[in-house]
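Residue strings, one per chain:
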Amino acid sequence: MFRFIHSSDLHLGKRFGNFEGDLPSRLREARHNLITRLAAHAREQNATTVLLAGDTFDTETPAAQVRRQAFTEMAYDPAIRWVILPGNHDSLQASQLWTTLRAEAPENVVLAVEPQPVELASGVVLLPAPCTTRRPGRDLTEWMDGQATPDGTLRIGLAHGGIRSFSEEGASSEVIAPDRARRAGLDYLALGDWHGMVGVDPRTYYCGTPEPDRFKHDAPGTALLVTIAGPSMLPEIQALPTATFVWRSLDLHLLEGDAPEPALSSLLPASRERRNSLFRVVASGHTRLAARGELVAAVERAVPDFAFLELDQDGLVTQCELDDLDQIDRGGALREAANALLAESTDERRPLSEREIARAALMRLYSYTQAITP
């Protein structure tokens with residue numbers, strides 16, 4: 001039996017420049033803490049090996065403190081072996097990086113920089129496919145098919161890349177064959193690159209990133225505990241929690257007459273969970289001008305409780321009638337401006353983008369007037 005941790009896409013040193021305040025530094029620290037968390041899982045599960053399937057570092061030029069502190073944490077427990085595969089963010093094309101990593105790596109860290117077998121234990125062989133460049137232009141796992149190993153050997157593949165192309169130009173030669181495990185006689189193929197956990201087949205898995213960094217996958221960060229009882233036996237897969245932060249998109253569908261603040265409150269988590277939560281509230285449906293203002297105000301009041309909270313209103317249609325405009329003003333310049341914006345926002349002859357701008361401006365005007373109304 002062989003048991004190991006499969007992880008990938010730590011992206012150590014990621015800057016998170018799209019956020020403000022202390023959040024980028026908190027997110028970077030959470031990524032560093034993944035090493036401690038993965039090691040703890042390995043000890044608890046009696047796994048002696050952690051496979052990192054690419055993009056351990058976010059760039060080809062990680063800062064010295066990012067590299068050195070990562071290796072220091074990995075070296076803390078010498079009984080755990082770490083295998084680091086070059087990914088597309090930290091590919092072998094960055095020759096200076098990998099020269100430096102070879103010089104700095106502790107004894108319990110293996111750099112899988114060659115497409116050649118690596119013995120993980122007696123009767124267990126790793127077949128790595130390191131990324132040679134960001135876009136290698138070929139399936140780097142092909143070599144596994146022809147690599148012979150003694151009978152009864154557990155064969156584990158390690159690779160980074162997609163099993164399908166998202167290009168409109170047709171099939172890509174660098175896409176990993178989805179049936180590579182069968183072709184190469186692998187007991188397990190550990191993949192990285194896709195940031196959500198996906199089982200391709202019973203022997204092929206993407207583990208997903210252990211610490212989410214976007215709203216795309218809307219799933220908690222995990223690593224995989226893989227147990228292979230023996231040659232030809234199907235691996236047992238167990239997802240292990242690893243993330244500090246939660247990234248989620250919340251769908252808020254409103255109908256005219258719905259009270260937006262209670263609807264929003266029902267979606268948001270308990271107060272204690274908010275500090276480490278990054279949420280995007282995606283509003284849709286129909287509402288009146290006043291209710292939309294209430295929704296915006298409710299989100300603004302909740303923002304300080306969260307690591308990050310934003311409102312996406314693009315799918316929310318605002319119904320506006322004359323009595324709504326009366327709340328802005330019954331006459332004068334403000335009412336004339338409101339009338340003009342309402343006309344622009346409902347003019348089907350105008351491009352959608354212009355109508356959306358007029359609708360947003362009308363909403364802003366309404367919010368300002370309500371804020372100063374005694």
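Residues numbered from 1 in each chain as written. Predicted model: local features only at pLDDT ≥ 70, side-chain atom pairs only at ≥ 80, totals over all residues. Heavy atoms only, no water.

**Q** Looking at this model, I keep getting lost on unusual backbone geometry. Mind explaining?
**A** Outside of glycine, negative phi angles account for most residues, and trans bonds account for most peptide bonds. Positive phi outside glycine occurs at Asp55, with the angle close to 55°. Among the secondary structure elements, Asp55 is positioned in the loop between strand 2 (49-52) and helix 2 (64-75). Asp55 sits in the buried class, given a relative accessible area of 1%. In the Ramachandran plot, Ser232 falls in the positive-phi region, its phi being about 75° despite a non-glycine side chain. (Helix = DSSP H or I, 4+ residues; strand = E, 2+ residues; numbered from the N terminus. Buried < 20%, exposed > 50% of the residue type's maximum accessible area, 1.4 Å probe, protein only.)

**Q** Mind showing me how you'd approach the packing of aromatic side chains here?
**A** When we look at a pair of aromatic rings, we describe it by the centre distance and by the angle of the planes. Inspection of the entire model under this criterion finds eight aromatic pairs. Taken together, a centroid distance of 6.4 Å and an interplanar angle of 40° make the contact between Phe215 and Phe308 tilted. Separated by 93 residues along the polypeptide, Phe215 in the loop between strand 10 (204-206) and strand 11 (222-228) and Phe308 in strand 15 (residues 308-319) bring together distant segments of the chain. Each residue in the set Phe2, Phe4, Tyr188 and Tyr205 is aromatic and connected to the rest through ring pairs, giving one cluster. Of note, Lys14 hangs over the ring of Phe16, and the distance from its end group to the ring centre comes to 5.5 Å. (Phe/Tyr/Trp six-rings, centres within 6.5 Å; stacked < 30°, edge-to-face > 60°. Lys NZ or Arg CZ within 6 Å of the ring centre and 35° of its normal.)

**Q** How should the pattern of salt bridges be read in this particular structure?
**A** Proximity of charged atoms lets side chains of opposite charge pair with each other. Tallied over the full model, the rule gives 16 salt bridges. When the shortest N-O distance is used, the salt bridge between Arg182 and Asp179 registers 2.7 Å. When its relative accessible area of 22% is taken as the criterion, Asp179 is described as partly exposed. Note that Asp305 is salt-bridged to Arg274, the shortest N-O span being 3.4 Å. Pair noted here: Asp305 is in the loop between helix 6 (289-302) and strand 15 and Arg274 is in the loop between helix 5 (260-267) and strand 14 (277-288), with a separation of 31 residues, a long-range link. Among the residues examined, Asp305 registers a relative accessible area of 41% and is labelled partly exposed. A single network of salt bridges, built from pairs that share partners, joins Asp347, Arg349, Arg350 and Glu354. (Salt bridge = Lys/Arg side-chain N within 4 Å of Asp/Glu carboxyl O.)

**Q** Sorry if this is basic, but what is going on with the environment of Val175 here?
**A** Considering the arrangement of structural elements, one finds Val175 in the loop between strand 7 (154-160) and helix 4 (180-183). Its relative accessible area of 19% is what places Val175 among the buried residues.

**Q** Can you walk me through the nonpolar core in this structure?
**A** Nonpolar side chains in soluble globular proteins tend to end up buried together. In this structure, Ile5, Leu52, Met74, Trp82 and Ile84 are the most contacted members of the largest nonpolar core, which totals 29 residues. Listed by contribution, the elements that provide at least two residues to this core are helix 1 (23-44), strand 2, helix 2, strand 3 (81-84), helix 3 (95-104), strand 4 (109-111) and strand 11. Counting residues per element, this core draws most heavily on helix 1, at five residues. If we skip the residues at most four places from it in the chain, Leu52 touches Ser7, Leu10, Leu38, Met74, Trp82, Val83, Ile84, Leu85 and Leu158. In terms of nonpolar packing, the next biggest core, distinct from the first, is built from 20 residues, Phe2, Phe4, Ala53 and Leu120 among them. (Core = buried A, V, L, I, M, F, W, Y, C linked by side-chain atoms within 4.5 Å. Contact = heavy atoms within 4.5 Å.)

**Q** I keep staring at the packing of helix 5 against helix 6 and nothing clicks. Help me out?
**A** Each pair of packed helices can be summarised by the angle the axes make with each other and by the distance between the axes. It is the contact of helix 5 with helix 6, at a shortest axis distance of 8 Å, that shows an interaxial angle of 40°. The angle between the axes of helix 5 and helix 6 places the two elements in the oblique class. Classified by chirality, the crossing of helix 6 by helix 5 is right-handed. Contacts between helix 5 and helix 6 involve Pro260, Glu261 and Leu264 from the former and Ala291, Glu294, Leu295, Ala298, Val299 and Arg301 from the latter. Of the residues belonging to the contact of helix 5 with helix 6, the class tally is six nonpolar, no polar and three charged. (Axes fitted to C-alpha atoms, helices over the stretch in contact; angles between N-to-C directions. Parallel < 35°, antiparallel > 145°, perpendicular 65-115°, else oblique. Left-handed = near helix turned anticlockwise from the far one by under 90°. Nonpolar A, V, L, I, M, F, W, Y, C, P; charged D, E, K, R; others polar.)

**Q** Would you explain the sheet that holds strand 7 in this entry?
**A** Sheets are built from strands that pair by backbone hydrogen bonding, the pairs being arranged parallel or antiparallel. One open sheet holds the six strands; their spatial order is 5-6-7-8-10-9, and the pairing between them is mixed. Since the sheet does not close on itself, it has two edges, and those belong to strand 5 (118-121) and strand 9 (198-201), each with one partner. For this sheet, the mean angle separating the axes of adjacent strands, direction not counted, is 25°. Pairing of strand 8 (residues 188-192) with strand 10, which is carried by three bridges, proceeds in the parallel orientation. (Pairing = 2+ DSSP bridges.)

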